[in-house]
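What follows is the residue order along each chain.
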Amino acid sequence: METQEQVKELVRQKYSEIALQDKETNQSSCCGAGGCSTEVYNIMADDYSQLEGYNPDADLGLGCGLPTQFAKIKKGDVVIDLGSGAGNDAFIARHETGETGKVIGIDFTPAMIDKARHNTEVRGFNNVEFRQGDIEKMPVTANTADVIVSNCVLNLVPNKDGVIKEMYRVLKPGGHFSISDIVLEGQLPKEIKEAAEMYAGCVAGAIQKQVYLELIEANGFANITIQKDKTIIIPDDILSQYLSADQIAAFKQSGTGIRSITVYAEKPLETTCCTPGNGCC
């Protein structure tokens, strides 16, 4: 993985494949990236089935949290879902924003867009749309959204700073986001860090938790809050594809943590300049 474009193409290819898999297959691997763990339970994802607006056809089991549950969406809000997949979070957001609001899903995988649009048409939703595009350059005008949600997506993007800048641009002053993502505490073994499958599986592209939070603050966001923080445990039968038994044991004893966090932050009502050149002014 030599360039950002190569990484993005890898992710696009893997998620095109994932769009054609069922939820059970995706859940038994690491964020759907393959690996086929014999421990078939949600390695990363939380259970959506109790949330209002949930549609099983749109749930591919790819998330690592429940950002819509914490997103404080109000009736009439405009909500943007980054990395919208088959539409799971978008449809739950639509229930919260009601028929007077609007939900825009953005995904750069054509197969996911097709699946999400089909799910929308089947349900007759006229205030949910899905746009194909790169979340580093969103196909959305500035100051559009009241709320942004995202579930296990920024960790797949090489240029996380660029995405956060775009989030700031498209949010209205006073708007906010709630995003679930994978972060690290400590260093991953290089065999995992360099493994393409694990990158598309949401782990190897993760950055340090503190760095993640500092990026959000550096781009002008305020009232940054961790709404949920949980440990992610990858089963041995996935780790064994990349590490020896001794390496797995050392990894478990190293103190390295793989975590799913849900982060909330607000775009201030009065915009002030941040670091020169960061694009938030």
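Cut-off values and rules
Residues numbered from 1 in each chain as written. Predicted model: local features only at pLDDT ≥ 70, side-chain atom pairs only at ≥ 80, totals over all residues. Heavy atoms only, no water. Helix = DSSP H or I, 4+ residues; strand = E, 2+ residues; numbered from the N terminus. Buried < 20%, exposed > 50% of the residue type's maximum accessible area, 1.4 Å probe, protein only. Phe/Tyr/Trp six-rings, centres within 6.5 Å; stacked < 30°, edge-to-face > 60°. Lys NZ or Arg CZ within 6 Å of the ring centre and 35° of its normal. Polar contact = N/O pair within 3.5 Å; in protein donor to acceptor, adjacent residues only side chain to side chain. Contact = heavy atoms within 4.5 Å. Salt bridge = Lys/Arg side-chain N within 4 Å of Asp/Glu carboxyl O. 1 Å grid on protein atoms, 1.4 Å probe; cavity = no way out; pocket = protein on both sides within 12 Å on 5 of 7 lines; lining within 4 Å. Points joined across faces, edges and corners; volume = space filled by probe spheres on them. Nonpolar A, V, L, I, M, F, W, Y, C, P; charged D, E, K, R; others polar. Core = buried A, V, L, I, M, F, W, Y, C linked by side-chain atoms within 4.5 Å.

Enquirer: Describe the environment of Glu214, naming the residues involved and giving the relevant values.
Expert: Summarising the element assignment, Glu214 is placed in helix α9 (residues 209–218). Relative accessible area serves as the criterion here: at 42%, Glu214 is assigned to the partly exposed category. In this structure the C-alpha to C-alpha distance between Glu214 and Ile224, which are 10 residues apart in sequence, comes to 9.9 Å.

Enquirer: Can you lay out the packing of aromatic side chains for me, pointing to particular residues and giving the numbers?
Expert: Within the structure shown, the criterion is met by four aromatic pairs. Look at Tyr168 and Phe221: their rings are 5.1 Å apart centre to centre, the planes differ by 75°, and that puts the pair in the edge-to-face class. Here Tyr168, found in helix α6 (residues 160–170), pairs with Phe221, found in the loop between α9 and β6 (222–231); they are 53 residues apart in sequence, far enough to count as distant. Take Tyr168 and Phe221: they sit in the same class, and that class is buried. Members of the aromatic cluster, each reached through a chain of ring pairs, are Phe91, Phe125 and Phe130. Directly above the aromatic system of Phe91 lies the positively charged group of Arg123, at a separation of 5.9 Å from the ring centroid.

Enquirer: Requested: an account of the side chain of Thr256, with residues and values cited.
Expert: Assignment of secondary structure puts Thr256 in the loop between α11 (245–253) and β7 (257–266). Judged by its relative accessible area of 17%, Thr256 is buried. Reaching out from Thr256, the side chain makes a polar contact with the backbone oxygen of Gln187 at a distance of 3.0 Å. A polar side-chain atom of Thr256 sits 3.1 Å from a polar atom in the side chain of Ser254. Residues within four places of Thr256 in sequence aside, it is in contact with Glu185, Gly186, Gln187, Leu188 and Phe251.

Enquirer: Tell me about the pattern of salt bridges, residues and numbers included.
Expert: All told, the structure shown has 10 salt bridges when counted by the stated rule. Between Lys102 and Glu129 there is a salt bridge whose closest N-O contact spans 3.0 Å. Residue Lys102 is found in strand β2 (residues 102–107), and its partner Glu129 is found in strand β3 (residues 128–132); the two are separated by 27 residues along the sequence. Its relative accessible area of 32% is what places Lys102 among the partly exposed residues.

Enquirer: Give me the lowdown on the layout of surface pockets, citing residues and values where you can.
Expert: The computed volume of the second largest pocket comes to approximately 210 Å³. Mapped by element, the contributors of at least two residues to the lining of the second largest pocket are α11 and β7. A per-class count over the lining of the second largest pocket returns six nonpolar, three polar and one charged.

Enquirer: Lay out the nonpolar core with the relevant residues and their values.
Expert: Of all hydrophobic cores here, the largest spans 28 residues; its most connected members are Ile80, Leu82, Ile148, Met167, Phe177 and Phe221. For this core, the secondary-structure elements that each account for two or more residues are β1 (78–82), β2, β4 (145–151), α6, β5 (171–185), α9 and β7. Per-element tally for this core: the top contributor is α6, with five residues. Excluding residues that lie within four positions of it along the chain, Leu82 makes contacts with Ile106, Ile135, Met138, Ile148, Val149, Ser150, Asn151, Val153, Val163 and Met167. Counting residues in each nonpolar core, the second largest holds 16 residues, with Cys64, Val203, Ile238 and Leu243 among its members.

Enquirer: Any chance you could break down the environment of Ile232 for me, citing the residues and the numbers?
Expert: Note that Ile232 resides in the loop between β6 and α10 (236–239). With 28 residues separating them in the primary sequence, Ile232 and Ser260 have C-alpha atoms 6.5 Å apart.

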